Amino acid sequence: MARNRGRHAAQRAATTATGHRRRGGLRSTRYRRGLGGTAIAAVVMAALTASQAPGVELGGDHDDGRSGAASDRTPGDDSYETELPPLESPHPPGASEPGAGGESDIPVSVLAAYKKAAKSLASRTPGCGLRWELLAGIGKVESGHARGGAVDNEGTTLRPILGPVLNGQGFANIKDTDGGRWDSDADYDRAVGPMQFIPSTWDRWGADGNGDGRKDPNNVHDAALAAGDYLCAGGRDLSTGADLDRAILSYNNSSDYLRTVLAWYEFYRKGTHAVPDRDLSVLPTAPGLGESGGGPDKGSPERGGKGPGKGGGSHDKPNKPNRPGNGGGNNEGGGGHDEPSPEPTKPHTIKRVGAENLTAVAGEKFAARPAVKVVTSKGKAVKGVKVRFDISGKTEATFQGGGKSETVSTNADGVATAPVLSAGGKTGSFTVNATAPGKDLGKVGFTASVTAPQADTLARTSDVVLEAAKNAKFAQAVEVKATRKGKAVANTTLTATFGQDAKAGPYFGKDEQGEPIRSLTDLKTDANGVVKLPDLFADDQPGTYTLTLTADGGVTLKVKLTIKG
């Protein structure tokens, strides 16, 4: 890690990039890193949290109505350590073999987030002129592109990226503004996520870049879109040098930071290609972001400067590893602390437990109950989180007790289960939504369907024996009642038949051609669940015959009829 106080060809390129010229360039000392065949890592270690912005607004333009997030004015310029991009520009896309390394490479998920954010802003604020390469330059400097693409399939960092504690001891003094929700610190704020947002600033500028209904600074899609909004604020036109300068300086009021971001910006504009995201059993760390190298259980987020995950140290000091494998000897981790990083215990998301689709019969209770689980960013259960279940839609359904909304706290397994649902008497569908009031954990929906009741029993209303002489009329018609759990089922459909191939025996009158009718359909029960069949007649074939009645849902009843000889 070299102190950025020397003149460097890439620096000079940055100062002239997009037409920029600045007075009083960097002091004349040669940059000592080798610049041969491999690309040099860009690491900006901001020992003062101006580069933990957005959030500490200490310069640049304030004409967009934002107010400063910190009372202490933080110095800029050489308050951090930095390495610049390689002298040679990267090969254009396709010029390298797939998966090839190089400092020009940007992890595929992170690159997609930068490009998606720039595209979104191009349609929403076309006058801004934000290019994705600017987001990439800032993302490289702030977090090394989310620690080299250490994100899950949704773009959320596999482990929180936190800046140093902003307690005024070598950094800005910012008292806690989020109750520790994002930075796990209830006393002071810390910059959060791949684009390093102060929690209070995220509260204003947070965005939902991946359309999951949440605004999470730890998600690279959300963070990239929010950073773009922040840079475009105040009607800036980033195609002009002055507005581009002001936008970057609003992120960190430091001329060195400005030159470094511009160097990477110009570097990426000359060509880049995506590489796979990291998928490591031992996650990379960003020592400048308050973490030391060597694995997920090492490093203290309580101290340290800021940087993108390679090289670095803490508090603007060179790397001084405590032991082999835990620090900067290999340029893959910073000056270390042996204390394990604290395990985040705050709720991160809400997930569905059990079935998504629920079904019940009108007038009854649902057998299944909506249930969700609240977990941390690492998937561990969180107890005691209040979850509200709300019934939405045109329905008579209610929770037990008659309410449309109920709040339940998660148990030791992190699970909250809604009270029993009563279907009501109206058929149709409705939704039950589960949210955590006051927390941005997302929303889980359950689809519930209420169907018409189907009979589970058919029975005759009389026990009179059904008999008739040959060619005579049966003295009594067949009458049955449909019930479900002992209650009458109205308006349900029945069929009645002596068999598809019946050629002899009782019949329900004759059709227009004079043929006996031995099957009936679309028989409907009345409000009392009763249906009375038409009169029955006997032909001249003595014997005992069976009439089968079938209701919706499949329940059947067999009735015996006898023609006496």
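Residues numbered from 1 in each chain as written. Predicted model: local features only at pLDDT ≥ 70, side-chain atom pairs only at ≥ 80, totals over all residues. Heavy atoms only, no water.

*Asks:* Please provide a residue-by-residue account of the overall build of the protein, values included.
*Replies:* The secondary structure content of the protein amounts to seven helices and 23 strands. Taking the contacts inside the protein whose residues are at least 6 apart along the sequence as the reference set, 67% of them involve residues at least 24 apart. Of the accessible surface of the protein, which amounts to about 24800 Å², a share of 46% is contributed by carbon and sulfur atoms. (Helix = DSSP H or I, 4+ residues; strand = E, 2+ residues; numbered from the N terminus. Contact = heavy atoms within 4.5 Å. Areas by Shrake-Rupley, 256 points an atom, 1.4 Å probe, with all protein chains shown as cover.)

*Asks:* Explain the confidence of the model for the protein to me, and be specific about the residues and the numbers.
*Replies:* Averaged over all residues, the pLDDT of the protein is 75; the fraction at 70 or higher stands at 68%. Counting contacts from residues 56-82, a segment whose pLDDT is below 50, to residues more than four positions away or on other chains yields 100 contacts. In this model residues 89-103 is a low-confidence stretch, pLDDT under 50, and it forms 30 contacts with partners more than four residues away in sequence or in other chains. (pLDDT = per-residue confidence, 0-100.)

*Asks:* Just give me the short version of the environment of aspartate 413, but keep the residues and values in it.
*Replies:* Inspection of the secondary structure puts aspartate 413 in the loop between strand E10 (405-409) and strand E11 (415-417). The spatial distance from the C-alpha of aspartate 413 to the C-alpha of valine 375 is 9.3 Å, given a sequence separation of 38 residues. The residues touching aspartate 413, leaving out its near neighbours within four places in the chain, are Lys373 and Ala381.

*Asks:* Which residues make up the sheet that holds strand E8 (residues 386-392), and what values go with them?
*Replies:* Judged by pairing direction, the sheet is mixed, and its five strands sit side by side in the order E6-E14-E13-E8-E10 without closing on themselves. What marks the edges here is a single partner per strand, and that holds for strand E6 (357-361) and E10. Strand-to-strand twist across the sheet, computed as the mean angle between neighbouring axes with direction ignored, equals 25 degrees. (Pairing = 2+ DSSP bridges. Axes fitted to C-alpha atoms, helices over the stretch in contact; angles between N-to-C directions.)

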